[in-house]
Amino acid sequence: MAAVQVVGSLPSGQPREAPRQAIPERGNGFRLLSARLCALRPDDSSSARTEIHLLFDQLISENYSEGSGVAPEDVSALLVQACRLVPLNQNHLVSKVSQLIHHLLNRLQVIVDEQHLDFLLAYTISAIHQCSSWTHREILQALAALVYCNGSKCQKYLPELLGKTGLLMKLSDLAQSDPEVRRAAVHCMANLCLSVPGQPYLEEPYQNVCFQAFLTILQSPKSSDMDDITFCMLLQNALKGIQSLLNGGRMKLTQTDELGALLAVLKKFMFHGLPGLNIEMPTVLYPTPLPQYDGRTPIEPQQSESSASRPTLTRACALQVLSAILEGSKQFLSVAEDTSDHRRAFTPFSVMIACSIRELHRCLLLALVAESSSQTVTQIIKCLANLVSNAPYDRLKLSLLTKVWNQIKPYIRHKDVNVRVSSLTLLGAIVSTHAPLPEVQLLLQQPCSSGLSNSNSATPHLSPPDGWKKAPAGPSLEETSVSSPKGSSEPCWLIRLCISIVVLPKEDSCSGSDAGSAAGSTYEPSPMRLEALQVLTLLARGYFSMTQAYLMELGEVICKCMGEADPSIQLHGAKLLEELGTGLIQQYKPDSTAAPDQRAPVFLVVMFWTMMLNGPLPRALQNSEHPTLQASACDALSSILPEAFSNLPNDRQMLCITVLLGLNDSKNRLVKAATSRALGVYVLFPCLRQDVIFVADAANAILMSLEDKSLNVRAKAAWSLGNLTDTLIVNMETPDPSFQEEFSGLLLLKMLRSAIEASKDKDKVKSNAVRALGNLLHFLQPSHIEKPTFAEIIEESIQALISTVLTEAAMKVRWNACYAMGNVFKNPALPLGTAPWTSQAYNALTSVVTSCKNFKVRIRSAAALSVPGKREQYGSVDQYARIWNALVTALQKSEDTIDFLEFKYCVSLRTQICQALIHLLSLASASDLPCMKETLELSGNMVQSYILQFLKSGAEGDDTGAPHSPQERDQMVRMALKHMGSIQAPTGDTARRAIMGFLEEILAVCFDSSGSQGALPGLTNQ
């Protein structure tokens, strides 16, 4: 079907208005893409479909700013042309063009003119009739955008849409199995009901049909297959539809039971979403007569003694309800967007949510100013903290957080300890939301005294830097600090405040409401100190560049906390230590954005960890009475910067290793899991990974944990085993072979057996178990493989990998199994190509590359298929042909998916398949060529078009090791061509010549398109 024939086509030859004069340089991208699209003609070839797909993707991803200079009639004309190019038997393209209609009309705020509307409506309605059901949601979204403010122009299509057997009536029915399709159909109906001033209303019969449909939806309970957000959006569309009918449509509810039924559902949904409420409403609700109108005397309210406190209690309860609603609302609020001024014909849902968030901020801050009750002030601040934790500030206009920040600062010194604690909680929420935010960075750099004064204040007071050390302190504190900030150049007032709260004695002016402090305690109440430590931890996580200026001082704070008797204070100190250690590690990672001169120097990190290991940290590690603290201390110990660990004194290094190996025998599962993970970190340290004794000790400890009854312990142990086997591979690449020679063969057997068993475990364990199997099989030396004791275990290991590749497990498990199989193929000592398991392994990978639903797994399987470097490793001619044909089939199916989330991996998948095909061409023997020729005769155009794209494109961001520059890719094809020329083919053989011609044509086309003037080396004469 090369062209689309639908009712309502534009008359041929009808002149169209000239495009409006656009603002210079605005809308250029749209016009260029539009010109390219308009130049295309209907063509059912695969290359044409690919080009249309790419054009649609570019149009969707184009940045359309306000005042983009794109004329509405140009948008309508483009959409008509797009639909003309897409036949209705191409489901994927129909879905994509529907997305394009929905995106452009909403993004550019275009109401389609009547000239083009007729064609587009006919096309979308025909698409719903003819296309697969999985496309209906996108088509309905396009239809909703088309009919928006165009209801009066859709008269001739209303019987087909809203008649008794109309499309929208069927798709919005309770029997509709797909909840998203049902919601989209209701959205279309609501948009049809929307009337525009000066235009006719929807006819009364259709108004009644829509009203009954909306009312039925509101009266029906949520079905089990519908999630909460989809259900809320369905209700919202139905309510909007009724609002349009009653307001703009001037619909009159003439039947009493209609009004009663509507009032009942409206009252019910006033309480929708409130936790703990199960409101049972009658199906019909009549208005209650008011006494002043029906002649009755109003009853005089009775005044009680507690009437004065009731408003306060009511406000507190309302705030608790609001706080409960906001808690866990992140997914719902995440759609909010309000980063620019909106001047549109309608208000998008994202802007409505953003307006609600702004209004919540305004109302809560006003309530905070007006409230006098400490209990209610605490509730307001907690409510603000929940709002801040869930609102998407990176998608909202600036200043919302600044207003909250400036208004909350005085409450940090409030006389009521609960208010002070909740204020710190709110500050913690601010520094943790979407960190790091530039707005919060500026707020943290404000002067210390800014906004902290308050007549209602109690503690804490701010100390001068290092002043707290003059107070009585534990013996672990040093007299001086290396990098504590001095004088007036305080980098962050909030860090200084939190340090003061944790370490300074409380002032005499503390209120008696500080019930949280223990009798006789000289410090702030425990909840206050714990919250301050929590804020410090959040600052270290989100704003480490600012926190590191206090590194040594925070180290002394940690030593003080971990030296106290209160286990909660000790635990929070350990958490802060872990976060600081993690921040230091992140700075030294290759992908870190921190410049070398902005990192904490290694000598300072060594001093920091020396202080920790000479302080109370070892005691916490051995505190078996508090296993949670032990586990947290283990996590902290695993956050040592590797570069710093190698510079620690030898006795401190031995202390860390000895403690971890000893704790692996702990009976507590929390401790054992943390220890297993820590050992998995240490085996990657450059200074330890070549220590055969340590690696062997760590391996034995990890293998013991891999047999634990706790799934969490086994999952951590499997991760660590994967890391340990990574270390084995790294050691293979060093010039010194002593590690491989000294590493125990018996231990390797033990590791293989454990990994095989773990590959049968839950997915959390299995994903790292197969990773370890791949590494171990890669590591095996010829001396191992020759031994009879290894033969059986190698076979079992490979069968375990094959089984995992083929199983319907989680994506991560199958991805790791394919990656592991690629690692196996890298070991030249294994009998790949001659062993019986060869064909099973290749068949598993070819099955995945052609049929797996997840494209990332397909990419990894294609990468594994291109690992072997010799022709004989691929096995027989038949096996080679199966691999070749599977890759060609995979290339043809590289866009076949019903999950549009997978489409972003299409290019990476094709890149990897093209690399694998070229790799096979560069290794092929004369016997392989006839099959290759036959496939290219059938699918050569498709393969050629994708290889050309592969040659012209740059890096795709995948991690498969594919060549990343066009020059490298071009060289691959030339090498394949050179190999073909070297094959000694039998007399009269045409396959070699045909394949060489295929490759030469690719290089010639690529050469012509590059515009190069040089000669084409390596091409033979045609």
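Since the model is a prediction, treat every value here as computed from it, not as a measurement.

**Q** Tell me about the overall build of the protein, residues and numbers included.
**A** The helix and strand tally for the protein stands at 46 helices and zero strands. Within the span of the protein, comprising 1022 residues, buried residues form 52% of the whole. Taking the contacts inside the protein whose residues are at least 6 apart along the sequence as the reference set, 74% of them involve residues at least 24 apart. In the structure as shown, the protein presents an accessible area of about 46000 Å², 53% of it carried by carbon and sulfur atoms.

**Q** Quick rundown of helix α10 (residues 204-219)? Include the residues and the values.
**A** For α10, which comprises 16 residues, the first-to-last C-alpha distance of 22 Å matches the rise-based estimate of 22 Å (1.5 Å per residue) to within 8%. Taken residue by residue, α10 has Tyr206, Gln207, Cys210, Phe211, Ala213, Phe214, Leu215, Ile217 and Leu218 as its buried positions.

**Q** Describe the pattern of salt bridges, and please don't skip the residues or the numbers.
**A** With the rule as written, the count across this model stands at 23 salt bridges. Note that Arg496 and Glu553 form a salt bridge whose closest N and O atoms lie 2.9 Å from each other. Residue Arg496 is found in helix α21 (residues 493-503), and its partner Glu553 is found in helix α24 (residues 551-562); the two are separated by 57 residues along the sequence. For the pair formed by Arg496 and Glu553, the shared burial category is buried. Connected through shared salt-bridge partners, Arg137, Glu138, Glu180 and Arg183 make up one network.

**Q** Outline the nonpolar core, supporting the account with residue identities and numerical values.
**A** Judged by nonpolar contacts, the single largest core of 230 residues is most densely connected at Leu444, Leu494, Leu617, Tyr682, Phe743, Met751 and Leu887. Apart from the residues within four sequence positions on either side, Tyr682 is in contact with Leu637, Ser638, Ile640, Phe645, Cys656, Ile657, Leu660, Leu688 and Phe694. Core analysis: the next-biggest nonpolar cluster, separate from the first, contains 86 residues, Ala82, Ala142, Leu143 and Ala185 among them.

**Q** I'd like a description of the side chain of Thr610, backed by residues and values.
**A** Tracing the sequence through the fold places Thr610 in helix α26 (residues 602-614). Separated by 2.6 Å, the side chain of Thr610 and the backbone oxygen of Val606 make a polar contact.

**Q** Please provide a residue-by-residue account of the packing of helix α1 (residues 28-38) against helix α2 (residues 46-61), values included.
**A** Packed helix pairs are specified by the crossing angle of their axes together with the interaxial distance, meaning the distance between the axes. Running from N to C, α1 and α2 cross one another at 160°; their axes reach a closest spacing of 10 Å. Relative to α2, the element α1 is oriented roughly antiparallel. Between α1 and α2 lies a crossing of left-handed hand. Every residue of α2 that contacts α1 at Phe30, Leu33, Arg36 and Leu37 is listed here: Leu55, Phe56, Gln58 and Leu59. Split into classes, the residues belonging to the contact of α1 with α2 amount to six nonpolar, one polar and one charged.

**Q** Could you give an account of the environment of Asp227, naming the residues involved and the relevant values?
**A** Mapped onto the elements of the fold, Asp227 is located in the loop between α10 and α11 (228-246). The exposure class of Asp227 is partly exposed, given its relative accessible area of 43%. Residues Asp227 and Glu180 lie 47 residues apart in sequence; the distance between their C-alpha atoms is 9.8 Å. From its side chain, Asp227 meets the backbone nitrogen of Ile229 in a polar contact 3.1 Å long.

**Q** Tell me what's going on with the environment of Val605, and back it up with residues and numbers.
**A** Mapped onto the elements, Val605 comes out in helix α26. For Val605, a relative accessible area of 0% translates into the label buried. When neighbours within four sequence positions are excluded, Val605 is seen to be in contact with Leu584, Ala600, Leu641 and Ala644.

**Q** Break down the environment of Ser639 for me, with residues and values.
**A** Relative to the assigned elements, Ser639 resides in the loop between α28 (627-637) and α29 (642-645). Given the relative accessible area of 3%, Ser639 is considered buried. If we skip the residues at most four places from it in the chain, Ser639 touches Leu577, Glu578, Gly581, Thr582, Ile585 and Trp609. One polar contact links the side chain of Ser639 to the main-chain carbonyl oxygen of Ala636, over a distance of 2.6 Å.

**Q** Break down the confidence of the model for the protein for me, citing the residues and quoting the values.
**A** In this model, the protein carries an average pLDDT of 84, and 83% of its residues clear a pLDDT of 70 or more. Below pLDDT 50 for its whole length, residues 454-465 participates in 44 contacts with residues either more than four positions away or in separate chains. Low pLDDT, under 50, characterises residues 509-513; the stretch is placed with seven contacts to residues that sit more than four places away or in other chains.

**Q** Break down the packing of helix α25 (residues 567-587) against α26 for me, citing the residues and quoting the values.
**A** The geometry of α25 relative to α26 is characterised by a closest axis approach of 12 Å and an angle of 160° between their N-to-C directions. Classified by the angle between their axes, α25 and α26 sit roughly antiparallel to one another. Viewed along their axes, α25 and α26 form a crossing whose handedness is left-handed. Where α25 abuts α26, its residues Leu577, Leu580, Gly581 and Leu584 lie against Val605, Phe608, Trp609 and Met612.

**Q** Just give me the short version of helix α6 (residues 136-147), but keep the residues and values in it.
**A** End to end, α6 covers 16 Å across 12 residues, agreeing with the expected 16 Å (1.5 Å per residue, within 8%). Here α6 lies mainly inside the structure; 10 of its 12 residues are buried. When we look at burial in α6, the residues that qualify are His136, Glu138, Ile139, Leu140, Ala142, Leu143, Ala144, Ala145, Leu146 and Val147. In this structure, the buried residues of α6 make contact with α4 (91-107), α5 (114-130), α7 (158-162), α8 (167-171) and α9 (179-193). Two residues or fewer past α6, Cys149 is found with a positive phi of approximately 60°.

**Q** Let's hear about empty space enclosed by the protein: which residues, and what values?
**A** Considering all chains together, one arrives at two cavities of 30 Å³ or more under this definition. As a volume, the largest cavity reaches approximately 100 Å³. Of the residues that constitute the lining of the largest cavity, the class distribution is nine nonpolar, eight polar and no charged.

**Q** Residue-level account of unusual backbone geometry, with values.
**A** The omega angle of the peptide bond from Ala435 to Pro436 is -5°, so this bond is cis rather than trans. Within the element layout of this structure, Pro436 appears in the loop between α19 (417-432) and α20 (438-444). In this model, His434 sits at a positive phi of 50°, which is unusual for a non-glycine residue. Looking at the element boundaries, His434 is found in the loop between α19 and α20.

**Q** Pulling in residues and values, what's your account of the side chain of Asn150?
**A** Inspection of the secondary structure puts Asn150 in the loop between α6 and α7. In terms of polar contacts, Asn150 uses its side chain to reach the backbone carbonyl oxygen of Val112, at 3.1 Å. Once you skip the residues sitting within four places of it in the chain, Asn150 turns out to touch Ile111, Val112 and Leu117.

**Q** How would you summarise the packing of aromatic side chains if you had to cite specific residues and measurements?
**A** A complete count under the given rule lists 13 aromatic pairs for this structure. Following the ring pairs from residue to residue traces out a cluster consisting of Phe825, Tyr842, Tyr874 and Tyr880. Across the ring face of Trp493, the terminal group of Lys409 is positioned such that the distance to the ring centre comes to 4.3 Å. When the ring centre of Tyr588 is taken as reference, the NZ or CZ atom of Arg599 above it lies at 4.9 Å.

Rules used in this analysis
- Residues numbered from 1 in each chain as written.
- Predicted model: local features only at pLDDT ≥ 70, side-chain atom pairs only at ≥ 80, totals over all residues.
- Heavy atoms only, no water.
- Helix = DSSP H or I, 4+ residues; strand = E, 2+ residues; numbered from the N terminus.
- Buried < 20%, exposed > 50% of the residue type's maximum accessible area, 1.4 Å probe, protein only.
- Contact = heavy atoms within 4.5 Å.
- Areas by Shrake-Rupley, 256 points an atom, 1.4 Å probe, with all protein chains shown as cover.
- Expected span 1.5 Å × (residues − 1).
- Salt bridge = Lys/Arg side-chain N within 4 Å of Asp/Glu carboxyl O.
- Core = buried A, V, L, I, M, F, W, Y, C linked by side-chain atoms within 4.5 Å.
- Polar contact = N/O pair within 3.5 Å; in protein donor to acceptor, adjacent residues only side chain to side chain.
- Axes fitted to C-alpha atoms, helices over the stretch in contact; angles between N-to-C directions.
- Parallel < 35°, antiparallel > 145°, perpendicular 65-115°, else oblique.
- Left-handed = near helix turned anticlockwise from the far one by under 90°.
- Nonpolar A, V, L, I, M, F, W, Y, C, P; charged D, E, K, R; others polar.
- pLDDT = per-residue confidence, 0-100.
- 1 Å grid on protein atoms, 1.4 Å probe; cavity = no way out; pocket = protein on both sides within 12 Å on 5 of 7 lines; lining within 4 Å.
- Points joined across faces, edges and corners; volume = space filled by probe spheres on them.
- Phe/Tyr/Trp six-rings, centres within 6.5 Å; stacked < 30°, edge-to-face > 60°.
- Lys NZ or Arg CZ within 6 Å of the ring centre and 35° of its normal.

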